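A closer look at the structure
Okay, here's what each chain looks like letter by letter:
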Amino acid sequence: MSRKASDNVEYTLRSLSNLMGEKRRRQADGSAGSGAAAAAGERSLIAAESCSSLNSAASGGELERAARRQFQQDETPGFVYVVSVFSALGGFLFGYDTGVVSGALLLLKRELNLDALWQELLVSSTVGAAALSALAGGVLNGLCGRRPCILLASGLFTAGAGVLAAARDKETLLGGRVVVGLGIGVASMTVPVYIAEVAPPHLRGRLVTINTLFITGGQFFASVVDGIFSYLAKDGWRYMLGLSAVPAVIQFLGFLFLPESPRWLIQKGQTQRARRILSQMRGNQAIDEEYDSIKNNIEEEEKEVGAAGPVICRMLTYPPTRRALIVGCGLQMFQQLSGINTVMYYSATILQMSGVEDDRLAIWLAALTAFINFIFTLVGVWLVERMGRRKLTLGSLTGTAVALIILASGFLLSAQVSPRITINPPDPSHQNSTCTKYSYCNGCMLDPDCGLCYKLNKSSVVESSCIPVDKGSTMKAAWGRCSNETVFKKDDLFWAYNFCPTPYSWTALLGLILYLVFFAPGMGPMPWTVNSEIYPLWARSTGNACSSGVNWVFNVLVSLTFLHTAEYLTYYGAFFLYAGFAALGLVFIYGCLPETKGKKLEEIESLFENRLCTCGMSDSDEGRYIEYIRVKGSNYHLSDNDASDVE
Ligand SMILES: O[C@H]1[C@H](O)[C@@H](O)[C@H](O)[C@@H](O)[C@H]1O
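Residues numbered from 1 in each chain as written. Predicted model: local features only at pLDDT ≥ 70, side-chain atom pairs only at ≥ 80, totals over all residues. Heavy atoms only, no water.

1. Regarding the site of the ligand
- Every residue lining the ligand is accounted for by Thr 212, Thr 216, Gln 219, Gln 335, Gln 336, Asn 341, Asn 373, Phe 519, Gly 524, Trp 528, Asn 551 and Asn 555.
- At 3.0 Å from an oxygen atom of the ligand is found a side-chain nitrogen or oxygen belonging to Asn 373.
- Contact between the ligand and Trp 528: an oxygen atom at 3.1 Å from a side-chain N or O atom of the residue.
- With three residues, the single largest contributor to the shell around the ligand is helix α10 (residues 201-229).
- Split into classes, the residues belonging to the shell around the ligand amount to two nonpolar, 10 polar and no charged. (Near = heavy atom within 4 Å. Polar contact = N/O pair within 3.5 Å; in protein donor to acceptor, adjacent residues only side chain to side chain. Helix = DSSP H or I, 4+ residues; strand = E, 2+ residues; numbered from the N terminus. Nonpolar A, V, L, I, M, F, W, Y, C, P; charged D, E, K, R; others polar.)

Printed below as a string of structure tokens:
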């Protein structure tokens, strides 16, 4: 029997009688004249319906959907949502702390006189520390449990925020950013695992995806905070960096009262506590079956894989976990190789290229990009339990690749119609700058030390010169006509740093928007969601630690190499390269990512029993949709294309 997209929904008797009541009401409405007969046959109707209502419900799809919705609401206590939201604060802090630094740096570099190396250090030290602590988080999760790790992460976030807000020199700032990075790494690998382990199967995808919604929400909030405090030239950065202590303290206090993952407790033999927590999480549902299946699974796994040796070695020598690890790490790698963080980072430039000239506005442009990323992650939360992980990821990555091609074409067109440099004014500082050697804007824009100063005649660029950029602000030139912002604005002069003004810039803007619209619902959240569910319990911490580590390592690699890649391959070359990676990712995901929607965590291991990269072959099976309901210990078949297929 095909179970490709089966949902295991447990219905209580009370809910079932609601379904029958609704059907009866409908029948009574439809046959108002024969009400007496209906009343007389009531008892036999109930008896008959307990067997047949489920098959006939297949034809009344609407009724079935309404009933399913109501039952699922009935049976998911609010506690699961509270626990998920408190955990997802870890995602919020991950997003906030990675997002806030760009705005803080604008102020910091002036106040503390930071050179490029120190700016680079303050950004990448956090991501580097996150990579290391994500890996170490695997061991901690296995040994101490999910709850202490979340407490540790929120403690690190709070301490880091305190150090950063109070810092007096750049060395202390670096220390604070490392502490925050350690928190991000632990949170990024623990939170999805914890949510997946407490969520009921039919809500798991949605709840884990909410964590990524919080990540992008944190990034958006950070850009708004950056915008607001950028007006506070002195000490504005202290508020930007210190504000994250608020959600961190809330999470810490909350988790003092929230429970450990029942699955981890069962694994450690703390069965009484595990049962108590599981019943809290499942409300009026019976937990025996879930409890037994977790327990049996652990025992079977121990028999099959053994319990000796480091987990990573056992994972690599046992084919199903080895395959899961390849899929999990591959997803995270392709997420970063699709260039999300460079696209976000360069969004302000892309938007400026498209004609937004107001400098003050530039700081809010990043907020706009982060907002689109956030809103479309919300679409992902809505789609994940409807489309399933596989289709959502494939659709998202296809759109992302196309958007990258459009984005790259925008840069290519801009480069091809790149304005000529027409004036070469003498350098008053008599320093030998590289800027004077360029004959076209294209070369000038790729040189991080130079920018274009020009006038516009209708829409064509005239009187253009390539001038060194001001060391303190990329918004103006170091000397000459474009060195005083207020004066050059009055004289109708323009300054372009990092881009060339051309009539084709809108193509890049279109590419940027399409990129975020497609990336955010699928490739953004699915690598985290899928990783939280594909490993068996004994390998879950280690699997997530490795895949999160891969995510952070590729995050650093892509961001650090972007400028060099753009120098060697030009901007359009860099974006075509990311499009190529996205296309490779598409082949990998098409071949290797199985559908995990609706499955119990304990069932998912079996999806990796066959050869890697056989998933694409079973796509045709997805049309069949089976649902099982549970009434007092027996499984009844709710709907299927083949109505006789009853278990
Ligand atoms: O899933 C998240 C999300 O897409 C963020 O916007 C991005 O900055 C992270 O690198 C990624 O892991």
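From this point on, the discussion continues.
2. Section: the nonpolar core
- By size, the foremost hydrophobic cluster in this structure holds 71 residues, and its most contacted members are Leu 404, Leu 407, Tyr 515, Tyr 571, Phe 575 and Ile 589.
- Top element by residues in this core is helix α26 (residues 537-592). It accounts for 17 residues.
- In this structure, Ile 589 is in contact with Leu 331, Arg 390, Thr 393, Leu 394, Leu 397 and Met 523, ignoring residues within four places of it in sequence.
- In terms of nonpolar packing, the next biggest core, distinct from the first, is built from 70 residues, Leu 108, Ala 134, Leu 164 and Trp 264 among them. (Core = buried A, V, L, I, M, F, W, Y, C linked by side-chain atoms within 4.5 Å. Buried < 20%, exposed > 50% of the residue type's maximum accessible area, 1.4 Å probe, protein only. Contact = heavy atoms within 4.5 Å.)

3. Structural notes on the sheet that holds strand β4 (residues 493-496)
- Sheet architecture is open: three strands sit in the order β3-β2-β4, paired in antiparallel fashion. Edge positions in the sheet fall to β3 (460-468) and β4, since each of these pairs with one other strand and no more. Across the sheet, the mean angle from the axis of one strand to that of its neighbour is 30°, orientation sign disregarded.
- As judged from the seven bridges shared by strand β2 (residues 450-457) and β3, these two strands associate in the antiparallel manner. Considered in β3, the bridge of Asn 457 is made with Ser 460. (Pairing = 2+ DSSP bridges. Axes fitted to C-alpha atoms, helices over the stretch in contact; angles between N-to-C directions.)

4. Observations concerning the packing of helix α8 (residues 146-166) against helix α9 (residues 170-198)
- With their axes 8 Å apart at the nearest point, α8 and α9 run at an angle of 155° to one another. Comparing their axes, α9 and α8 come out roughly antiparallel. Here α8 runs over α9; the crossing is left-handed. (Parallel < 35°, antiparallel > 145°, perpendicular 65-115°, else oblique. Left-handed = near helix turned anticlockwise from the far one by under 90°.)

5. Concerning helix α12 (residues 245-257)
- With 13 residues, α12 ought to run about 18 Å at 1.5 Å a step, and its terminal C-alpha atoms sit 19 Å apart, in line with that.
- Looking at the buried residues of α12, the elements they touch are α5 (78-99), α8 and α9. (Expected span 1.5 Å × (residues − 1).)

6. Focus: the state of the cysteines
- What the rule picks out here adds up to four disulfides.
- In this model, Cys 435 is linked to Cys 450 through a disulfide, with the two sulfur atoms separated by 2.1 Å. Residues Cys 435 and Cys 450 share a disulfide whose torsion about the S-S bond is about -90°; that sign makes it left-handed. Placement of Cys 435 in the loop between α21 (389-416) and α22 (441-446) and of Cys 450 in strand β2 is noted, with a sequence separation of 15 residues between them.
- The class for Cys 435 is buried, based on a relative accessible area of 1%. (Disulfide = S-S within 2.5 Å.)

7. With respect to unusual backbone geometry
- Look at Asp 235: it is not a glycine, yet its phi comes out positive at around 65°.
- Mapping Asp 235 onto the fold places it in the loop between α10 and α11 (236-242).
- Owing to a relative accessible area of 23%, Asp 235 belongs among the partly exposed residues under this scheme.

8. Here we look at the packing of aromatic side chains
- This model, assessed by the stated rule, comprises 19 aromatic pairs.
- Look at Phe 94 and Trp 528: their rings are 6.0 Å apart centre to centre, the planes differ by 75°, and that puts the pair in the edge-to-face class. Of this pair, Phe 94 sits in helix α5 while Trp 528 sits in helix α25 (residues 526-533), placing them 434 residues apart in sequence.
- An angle of 35° between the planes, with centres 5.9 Å apart, marks the rings of Phe 562 and Tyr 571 as tilted. There is no split in this pair, since Phe 562 and Tyr 571 are both buried.
- Sitting over the face of the ring of Tyr 291, Arg 275 holds its NZ or CZ atom 4.6 Å from the ring centroid.
- The ring of Tyr 590 has Arg 390 sitting right over it, with the charged end atom 5.3 Å from the ring centre. (Phe/Tyr/Trp six-rings, centres within 6.5 Å; stacked < 30°, edge-to-face > 60°. Lys NZ or Arg CZ within 6 Å of the ring centre and 35° of its normal.)

9. Re the side chain of Asp 226
- Within the element layout of this structure, Asp 226 appears in helix α10.
- Although buried, Asp 226 forms no salt bridge, and the nearest oppositely charged side chain, Arg 177, lies 9.6 Å from it.
- Once residues lying within four places of it in the same chain are set aside, the contact partners of Asp 226 are Gly 99, Val 100, Ser 102, Gly 103, Ala 104 and Met 240. (Lys, Arg positive; Asp, Glu negative; His and termini not counted. Salt bridge = Lys/Arg side-chain N within 4 Å of Asp/Glu carboxyl O.)

10. Points about the pattern of salt bridges
- For the structure on display, the rule yields 15 salt bridges.
- A salt bridge links Asp 235 to Arg 238; the nearest nitrogen and oxygen atoms lie 3.1 Å apart.
- Judged by relative accessible area, which is 17%, Arg 238 ranks as buried.
- Close ionic contact of Lys 476 with Asp 470 constitutes a salt bridge, the shortest N to O distance being 4.0 Å.
- Relative accessible area serves as the criterion here: at 23%, Lys 476 is assigned to the partly exposed category.
- In this structure, a network of salt bridges that share partners links the residues Arg 204, Glu 385, Arg 389 and Glu 533.

11. A few points about the packing of helix α7 (residues 116-144) against α26
- Across the interface, α7 lies against α26 with an axial gap of 7 Å and an inter-helix angle of 170°. For the element pair α7 / α26, the angle class is roughly antiparallel. For the pair α7 and α26, contact is made by Glu 120, Ser 124, Val 127, Gly 128, Ala 130, Ala 131, Ala 134, Leu 135, Gly 138, Asn 141 and Gly 142 and by Ser 541, Ala 545, Cys 546, Ser 548, Gly 549, Trp 552, Val 553, Asn 555, Val 556 and Leu 560, respectively.
- Looking at the contact of α7 with α26 residue by residue, the class counts come to 11 nonpolar, nine polar and one charged.

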